[in-house]
Amino acid sequence: MVKKFLLMATLIMSGMFAEDAYERHCVPCHAPLPTSLQRMFMNHLLVYGGEHNFKAALKHYLRYPSKDISVMSDLFIDNFGIKEKSTLSDEELDEAIDIYWSKFKVFNKLK
Ligand code: HEC
């Protein structure tokens, strides 16, 4: 019984630590949205171009989301609204955005 509990606890803990900043801070809120994070990556990249701009603009957007600068369609925003302001620290945002970038940049040869 105790052994089983310990095994479960270990599994759950290792699962928690295995998640990276992107999976912790971005995926849960995006999961229910109909537009995938990959599609949003493309939209954002089309507007903001290469790596440096992409990251800087996204960091700014996550902190100060607004309808005027969102790359999402009016239809999407009417239905799902503008995201909430991020309260993550500089480091957490940078880390999550770096992972986001490396995850999807392979799908784009635009850079
Ligand atoms: C609290 C929920 C929430 C969290 C947390 C969140 N997002 Fe979003 N995100 C949204 C919603 C809703 C939209 C679409 C509406 C909008 O553009 O504001 C969006 C839009 C975006 C866009 C399009 C940006 C643009 O220029 O319009 C990108 C790219 C994105 N998210 C990536 C991320 C990444 C990467 C993270 C983690 C660092 C993250 N999101 C965290 C809810 C969230």
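To continue, consider the site of the ligand. Residues in contact with the ligand amount to 20 residues; listed here are only the nearest, Cys26, Cys29, His30, Tyr61 and Val71. Ser70 has a polar side-chain atom sitting 2.7 Å from an oxygen atom of the ligand. Measuring from an oxygen atom of the ligand, one finds a backbone N or O atom of Val71 at 2.7 Å. Taking a 2 Å distance to the grid points as the criterion, the majority of the atoms of the ligand fall inside the largest pocket.

What follows deals with the packing of aromatic side chains. Scanning the entire structure with this criterion turns up nine aromatic pairs. Plain terms: the ring middles of Phe41 and Trp101 are 5.7 Å apart, the flat faces sit at 35° to each other, and that makes the pair tilted. A residue pair is termed long-range when its members are at least 10 positions apart, and Phe41 in helix α4 (residues 37-48) and Trp101 in helix α7 (residues 90-104) qualify at 60 residues. The exposure class of Phe41 is buried, given its relative accessible area of 0%. Ring pairing ties together the aromatic residues Tyr22, Phe41, Phe54, Tyr100, Trp101 and Phe104, which thus form one cluster.

Before going further, it helps to spend a moment on helix α5 (residues 51-63). The α-helix winds at 3.6 residues per turn, so residues separated by three or four positions along the chain end up facing the same way. Taking 1.5 Å per residue as the helical rise, α5 with its 13 residues ought to reach 18 Å, and the 19 Å between its terminal C-alpha atoms agrees with that figure. If you follow the buried residues of α5, they end up packed against α4 and α7.

We now examine the packing of α4 against α7. Their axes nearest at 11 Å, the elements α4 and α7 cross at an angle of 95°. The pairing of α4 with α7 is recorded here as roughly perpendicular in orientation. Counting all contacts with α4, which are made through Leu37, Gln38, Met40, Phe41 and Leu45, the residues of α7 involved are Tyr100, Trp101 and Phe104. Partitioning the contact of α4 with α7 into residue classes produces seven nonpolar, one polar and no charged.

The next subject is the side chain of Lys55. Looking at the secondary structure, you find Lys55 in helix α5. Engagement of the side chain of Lys55 in a polar contact is seen with the side chain of Glu51, the distance being 2.8 Å. Those residues in contact with Lys55, other than ones at most four positions away along the chain, are Ile97, Asp98 and Trp101.

Calculation criteria
Residues numbered from 1 in each chain as written. Predicted model: local features only at pLDDT ≥ 70, side-chain atom pairs only at ≥ 80, totals over all residues. Heavy atoms only, no water. Near = heavy atom within 4 Å. Polar contact = N/O pair within 3.5 Å; in protein donor to acceptor, adjacent residues only side chain to side chain. 1 Å grid on protein atoms, 1.4 Å probe; cavity = no way out; pocket = protein on both sides within 12 Å on 5 of 7 lines; lining within 4 Å. Sits in = over half its atoms within 2 Å of the grid points. Phe/Tyr/Trp six-rings, centres within 6.5 Å; stacked < 30°, edge-to-face > 60°. Helix = DSSP H or I, 4+ residues; strand = E, 2+ residues; numbered from the N terminus. Buried < 20%, exposed > 50% of the residue type's maximum accessible area, 1.4 Å probe, protein only. Expected span 1.5 Å × (residues − 1). Contact = heavy atoms within 4.5 Å. Axes fitted to C-alpha atoms, helices over the stretch in contact; angles between N-to-C directions. Parallel < 35°, antiparallel > 145°, perpendicular 65-115°, else oblique. Nonpolar A, V, L, I, M, F, W, Y, C, P; charged D, E, K, R; others polar.

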